[in-house]
Amino acid sequence: MANQKSLAIIATKGTLDFAYPPLILATTAAALDYDVTIFWTFYGLQVLKKERDLKISPLGNPAMPMPVPMPVFVQMLPGMESMATIMMKQKMASKGVASIDSLMEMALESDVKMIACQMTVDLFDFKHEELIDGLEYAGAARFFEVAQRADITLFI
Amino acid sequence: MADQTLDAKGLNCPLPILRAKKALKEMAPGQVLAIEATDPGSAKDFESFCSQTGNELVKASEDGKIFYYEIRKA
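Computed from a predicted model, the values in this text were never measured in an experiment. (Residues numbered from 1 in each chain as written. Chains lettered and ligands numbered in written order. Predicted model: local features only at pLDDT ≥ 70, side-chain atom pairs only at ≥ 80, totals over all residues.)

**Focus on the overall build of chain A**
Phase 1: The number of helices and strands found in chain A is 6 helices and 5 strands.
Phase 2: Traced from its N-terminal end to its C-terminal end, chain A shows the element sequence β-α-β-α-α-α-β-α-β-α-β.
Phase 3: Principal-axis analysis of the C-alpha atoms gives chain A an extent of 55 × 35 × 25 Å.
Phase 4: Considering only intrachain contacts with a sequence separation of at least 6, the fraction spanning at least 24 residues in chain A is 79%. (Helix = DSSP H or I, 4+ residues; strand = E, 2+ residues; numbered from the N terminus. Contact = placed C-beta atoms within 7 Å.)

**Examining the overall build of chain B**
Phase 1: Secondary structure summary: chain B contains 2 helices and 4 strands in total.
Phase 2: Secondary structure elements of chain B, listed N to C terminal, follow the sequence β-α-β-α-β-β.
Phase 3: For 74 residues, the compact-globule estimate of 2.2 N^0.38 gives 11 Å, and the C-alpha radius of gyration of chain B, at 11 Å, lies within 12% of that figure.
Phase 4: Dimensions of chain B along its principal axes, counting C-alpha atoms only, are 30 × 25 × 15 Å.
Phase 5: For chain B, long-range pairs separated by at least 24 residues make up 56% of all intrachain contacts whose partners lie at least 6 apart in sequence. (Rg over C-alpha atoms; globule rule 2.2 N^0.38 Å.)

**Some remarks on the interface of chain B and chain A**
Phase 1: Contacts between the two partners involve 11 residues from chain B, matched on the other side by 11 residues from chain A.
Phase 2: Of all the secondary structure elements, the ones that give two or more residues to the side of chain B that touches chain A are helix H1 (15-25) and helix H2 (42-53) of chain B.

**Focus on the nonpolar core**
Phase 1: By size, the foremost hydrophobic cluster in this structure holds 51 residues, and its most contacted members are A:Ile9, A:Ala26, A:Val36, A:Ile38, A:Trp40, A:Ala116 and B:Ile35.
Phase 2: With 6 residues, helix H1 (residues 20-31) of chain A is the largest single contributor of residues to this core. (Core = buried A, V, L, I, M, F, W, Y, C linked by C-beta atoms within 7 Å. Buried ≥ 20, exposed ≤ 12 C-beta atoms within 10 Å, placed from the backbone.)

**Here's the deal with the packing of H1(A) against helix H4 (residues 100-109) of chain A**
Residues and elements named next belong to chain A.
Phase 1: Relative to each other, H1 and H4 sit at 35°, their axes nearing to 9 Å. Considering how the two elements wind past one another, H1 and H4 form a crossing that is left-handed. Touching Leu23, Ile24, Ala26 and Thr27 of H1 are Ile100, Leu103, Met104, Met106 and Ala107, all from H4.
Phase 2: Along the lines of polarity and charge, the residues of the contact of H1 with H4 split into 8 nonpolar, 1 polar and no charged. (Axes fitted to C-alpha atoms, helices over the stretch in contact; angles between N-to-C directions. Left-handed = near helix turned anticlockwise from the far one by under 90°. Nonpolar A, V, L, I, M, F, W, Y, C, P; charged D, E, K, R; others polar.)

**Points about the sheet that holds strand E2 (residues 35-40) of chain A**
All names here are of chain A.
Phase 1: Read from one edge to the other, the open sheet built from 5 strands follows the order E4-E3-E2-E1-E5, with strand pairing classed as parallel. Of all the strands in the sheet, just strand E4 (136-138) and strand E5 (152-155) have a single pairing partner and so form its edges. On average, each strand axis in the sheet is inclined to that of its neighbour by 20°, with strand direction left out of account.
Phase 2: In terms of strand pairing, strand E1 (residues 6-11) meets E5 through 4 bridges, oriented parallel. Residue pairing in the sheet places Leu7 in a bridge with Ile152 of E5.
Phase 3: Against the sheet, helix H6 (residues 140-147) touches E1, E2, strand E3 (113-117), E4 and E5, its axis set at about 150° to E1. (Pairing = 2+ DSSP bridges.)

Printed below as a string of structure tokens:
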């Protein structure tokens, strides 16, 4: 498409909360007819797993609103992370916020291009089979090829 | 009269925009999509969506609970 705008995102985080910004911005930009590429690196690769198991923890995240104030030593207890994750997912569903699974599906449907950082795939001993289909595996040089012709570049 | 309707009530950002985009894709130029939403952020978002995609926001109103939009496809 002539004059099509383009967005390049580097997604580096793999928690449930931080999986949202790259996918929300990518799907929205695609709806605005942008050509979109996300370069997933380090913990961002967790979002690309076929068996996605993203979590959120109040630990080390004092800004996270909690239904009841919770001292740090309680946040450390076994099961707290799973509980916080379940509660956050319920809250999101009740507020009509899309799940990460469905945002990823919509991103792929709207032709958002996904590049997985091969160096971090190696670093974490991930297998290509563990990650979703349709990924391109490449490195930093490939990102710059995308970013140099992008109108907007974001690091998340 | 709208040619298509979209119920986006209860959906939060960015779903109303994504659903609207999907619905408009199936429509012919000149046809009108009527949308009902409850996300207060959708008021500014549909303005921005239309100004960036060239579709025309022919109506935007609210009754305190529900936001009503009509978009004419470019």
